[in-house]
Amino acid sequence: MSAIVQAAQLPDSTLYKRKRSPVSRARSPPAHRRRRSTSPTAIRVEDADPVRRQERERQLAVRLAEEEAAGTKKPEFDAKAEFAKLITSKSGGVYMPPARLRALQAAASKDKSSADYQRLSWDALRKSLTGIVNRVNIGNIKDVIPELFSENLIRGRGLFARSVMKAQASSLPFTPVFACMVAIINTKLPQVGELVLTRLISQFRRSFKRNDKVVCHATSTFIGHLVNQGVAHEIIALQMLVLLLERPTDDSVEIAVGFMREVGAFLAENSPKANNGVYERFRAVLHEGAIDKRVQYMIEVLFQVRKDKYKDNPVLPEGLDLVQEDDQITHQISLDDELQVQEGLNIYKFDANYLENEAKYKAIKDEILGGSDESGSDSDSEDGSDDDDDDEAPAEEKEGIADMTETTLTNLRRVIYLTIMNSLNYEEAVHKLMKINIQEGQEIELCNMVIECCSQERSYSNFYGLIGERFSKLNRVWCENFEEAFATYYETIHRYETNRLRNIARFFGHLLASDALSWAVFSVVKMNEDDTTSSSRIFIKILMQEMMEEMGLKKLAERFKDPTMAENYQQVFPLDNPKNTRFSINYFTSIGLGIVTEEMREHLKNAPRLIMEQRRAALEEESSSSDSDSDDSSSDSSDSDSDSGSSRSSRPPPRRRHSSTPPRYANRRSRSPRRSATPPRRNRSRSIDDIRRRKASPSRLRTPPPRRSGAGGSRRDESPPRKERRRSPPRDRSRDGGRRSPSPLPRSRNVRDRTSVSRSPSPPPRRRRYSDESPPPPRRDRRDRSLTPDRYRRDRR
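Computed from a predicted structure; not experimentally measured. (Residues numbered from 1 in each chain as written. Predicted model: local features only at pLDDT ≥ 70, side-chain atom pairs only at ≥ 80, totals over all residues. Heavy atoms only, no water.)

**A few points about the overall build of the protein**
Looking only at helices and strands, the protein features 36 helices and zero strands. Within the protein, buried positions represent 36% of all 797 residues. Sequence-distant contacts in the protein: of pairs separated by 6 or more residues, those separated by 24 or more amount to 72%. Accessible surface, the protein: about 50500 Å² in total, of which carbon and sulfur atoms supply 48%. (Helix = DSSP H or I, 4+ residues; strand = E, 2+ residues; numbered from the N terminus. Buried < 20%, exposed > 50% of the residue type's maximum accessible area, 1.4 Å probe, protein only. Contact = heavy atoms within 4.5 Å. Areas by Shrake-Rupley, 256 points an atom, 1.4 Å probe, with all protein chains shown as cover.)

Here you go:
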């Protein structure tokens, strides 16, 4: 202290002499880079007047000395004050390191009911909602929704609505995703969906009045997708279209065209009359020609989109149909209603009942999400035995309750029907049907509902056939259930009218043609007159025609000829009974499938021979069994036969000059094999003793029957040697019935023989007597026995 005072009392000359030159000052570092020192020599004041500068430096040194002597300390760091200063400043204040920020939050969160903590949680809620909304897409929407419900959407519904609208306006292609997200939240928290819709309508009205085309287009697109999702009623869409087309301008018509592309499919399905009226208005605007050519072209493109049935603008894009129609809550807000936008929900406000409201929302969140995982795990670890006992008790009570009203089954059928009807294509339908919780053993209900929906159509739609094909190829369980359904419907097909029968037959025809079903199902089809009805025959006809159209006749015939599956086609192409075989041949030929009957026709052609072989085999078996029993009797009969044979051999046999059967008796012998086979007498000079001897021995009247060639046909015996034929007089074979002898004789020799025979002095032969079993030959053949003069002269010519 004394040193500082002495330095202040030094003369001016000494201070002036110690002053550095300007050159040295220039070489010294800048003033802001010098290190400050508390030494007396470091205290300097810049002043042009040296006296005044000296006085100022002295006063400064005295003040510093007094402060150092007093020993004043800096105030301590106040965390609450700093945090209050931080949150009250705009945009969160200046940057603060994360460690210090966490320390401030920990200090402020000691009292959760305080305004500081509520403000802190409000900021965290705003940032969380904004981040979740900005990262949602089709792929992760199912994971994002639980995160949204974990935040307090009731408190932050204003923040959520603002974030969704802002994100949608900046990325229009993601509008269907944002609309689906709002629709899901609307099912559990309707006030959130209503607030979003209200703000969108208000923004549309404001932008329409201000002629803000960009905002108006974005808002109308969002409203259109909310209409498709069922959050908004279609009346708001119709009111917007009327407003846009009432006074058509280029911008309003362009916005209306874009809006109609989004909601056109929904309006065409739910309000067809209003949809037609809107398109009539578009047509009138196009005919007026008051708008730009570009906008007119847009209207023409819209009509083409309508003609293509909005194939590029479906009601619900794939992957975003996540809300059941019965669960959705539709808000009927008109364009002219007084809207409560509730802008105050975007601003933080102190809540005196903050803790109570948070507890209420936690209960709602647990109900929606099924309880929190952390609390559930803790409770299970602590009171596991108590929970098990509590869970087992209700289960034991519910075991005795059985629902005999089939309410669950009815609800399942209703869900399946609505899912099929609300699907745009078969892939979407299969995707949705696979998500339905179907109990084991109820798979047949889905198959029956698909077939029933198909039968209810006015004409067959390939949509149902593709659904059945996809299910059958997904899992073997579905294939077996469709095979069971085929058997059931074939047995009860007579209960259905013609149109439904046709649709069912074409459905199963598609499944069989695409190999979705095994062709073993044909084992239930019995193609005969007794086991078929008119309905079943029509069913098989349409089924076969559908298979032929998809596979082709050649491939279809090859599949039916597959030997590995022949066992399953035995009843379709029966071979057991000729009657059934003829019925099946006639049936398939009449429906244009005669190519599949070739095997049956061949079998039917060879049926008599097969039957004869079977009978012959049976007779041989019987004869073999009877021969073994009658060995002794056969030996006795052989002895008696030998005796009778020796007595017969002593008699002179009659002379036969022609062993072949005469041609005029060939046909008659083939018709009646029991007739006597003795050839007529050709030697007219035979003695009367020989004739009497032939009469006296009746055992010689019968000769062995002629041979038969082929399957039952009768033919003449082969001709004898030429030597014997020369001995007997030949006969005229002009009346032989078309058959000739294998070796005809010369005409000249025949004439001589005939003349010699006619001039023989022997008496005329007596007429042959026939047994009662064989009738006499026709009279016209009697003229061939003698050679008349007229016939002789005719032969000479």
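That was the structure; now back to the text.
**With respect to the environment of cysteine 180**
Looking at the element boundaries, cysteine 180 is found in helix H10 (residues 175–188). Here cysteine 180 falls in the buried class, since its relative accessible area comes to 0%. Taking the C-alpha atoms as reference, cysteine 180 lies 8.8 Å from isoleucine 141; in sequence the two are 39 residues apart.

**Brief notes about the state of the cysteines**
Scanning all chains against the criterion turns up zero disulfides. No disulfide involves cysteine 447; its sulfur sits 9.6 Å from that of cysteine 479, the nearest cysteine. Residue classification places cysteine 447 among the buried residues on the basis of a relative accessible area of 0%. A disulfide-free cysteine, cysteine 453 has its sulfur positioned 8.8 Å from the sulfur of cysteine 454, the nearest such atom. (Disulfide = S-S within 2.5 Å.)

**Structural notes on the confidence of the model for the protein**
Here the protein averages 75 in pLDDT, while 65% of its residues score no lower than 70. Highest mean pLDDT in the protein belongs to helix H12 (residues 213–229) (95); lowest belongs to helix H32 (residues 666–671) (40). Segment residues 31–41: pLDDT under 50, and four contacts once partners within four positions in sequence are set aside and those in other chains are kept. Note on residues 768–774: pLDDT under 50 across the span, and 14 contacts to partners over four residues away in sequence or across chains. (pLDDT = per-residue confidence, 0-100.)

**A closer look at the environment of glutamate 443**
Looking at the secondary structure, you find glutamate 443 in helix H22 (residues 443–455). Taking the C-alpha atoms as reference points, glutamate 443 and glutamate 480, separated by 37 residues in sequence, lie 9.9 Å from one another. For glutamate 443, the side chain forms a polar contact with the main-chain nitrogen of glycine 441, separated by 3.0 Å. (Polar contact = N/O pair within 3.5 Å; in protein donor to acceptor, adjacent residues only side chain to side chain.)

**Focus on the nonpolar core**
Leu148, Leu153, Phe160, Met181, Ile185, Phe282 and Ile299 are the most contacted members of the largest nonpolar core, which has 78 residues in total. Ranked by the residues each element gives to this core, the list is headed by helix H14 (residues 250–270), at ten residues. Counting residues in each nonpolar core, the second largest holds 66 residues, with Leu446, Phe560, Ile585 and Phe588 among its members. (Core = buried A, V, L, I, M, F, W, Y, C linked by side-chain atoms within 4.5 Å.)

**Regarding helix H11 (residues 190–209)**
Between its first and last C-alpha atoms H11 spans 29 Å; for 20 residues at 1.5 Å apiece the expected length is 28 Å, and the two agree. Phi turns positive one or two residues past the end of H11, at asparagine 211, with a value near 60°. (Expected span 1.5 Å × (residues − 1).)

**Things to note about the pattern of salt bridges**
Applying the stated criterion to the full structure yields 22 salt bridges. For arginine 52, the salt bridge identified is with aspartate 47, shortest N-O distance 2.9 Å. Of the residues examined, aspartate 47 reaches a relative accessible area of 19% and is grouped as buried. Arginine 414 is paired through a salt bridge with aspartate 326; the nearest N and O atoms lie 2.8 Å apart. On the criterion of sequence distance, the pair formed by arginine 414 in helix H20 (residues 407–421) and aspartate 326 in the loop between helix H16 (293–307) and helix H17 (354–369) is long-range, its members being 88 residues apart. A single network of salt bridges, built from pairs that share partners, joins Lys213, Asp251, Glu254 and Arg294. (Salt bridge = Lys/Arg side-chain N within 4 Å of Asp/Glu carboxyl O.)

**Focus on the packing of helix H24 (residues 476–491) against helix H25 (residues 498–513)**
Two elements in contact, H24 and H25, have axes whose closest approach is 12 Å; the angle formed by their N-to-C orientations is 145°. In this structure, the crossing between H24 and H25 has a hand that is left-handed. Across the interface between the two elements, Phe482, Ala485, Phe486 and Tyr489 from H24 touch Ile504, Phe507, Phe508 and Leu511 from H25. Within the contact of H24 with H25, the residues separate by chemical class into eight nonpolar, no polar and no charged. (Axes fitted to C-alpha atoms, helices over the stretch in contact; angles between N-to-C directions. Left-handed = near helix turned anticlockwise from the far one by under 90°. Nonpolar A, V, L, I, M, F, W, Y, C, P; charged D, E, K, R; others polar.)

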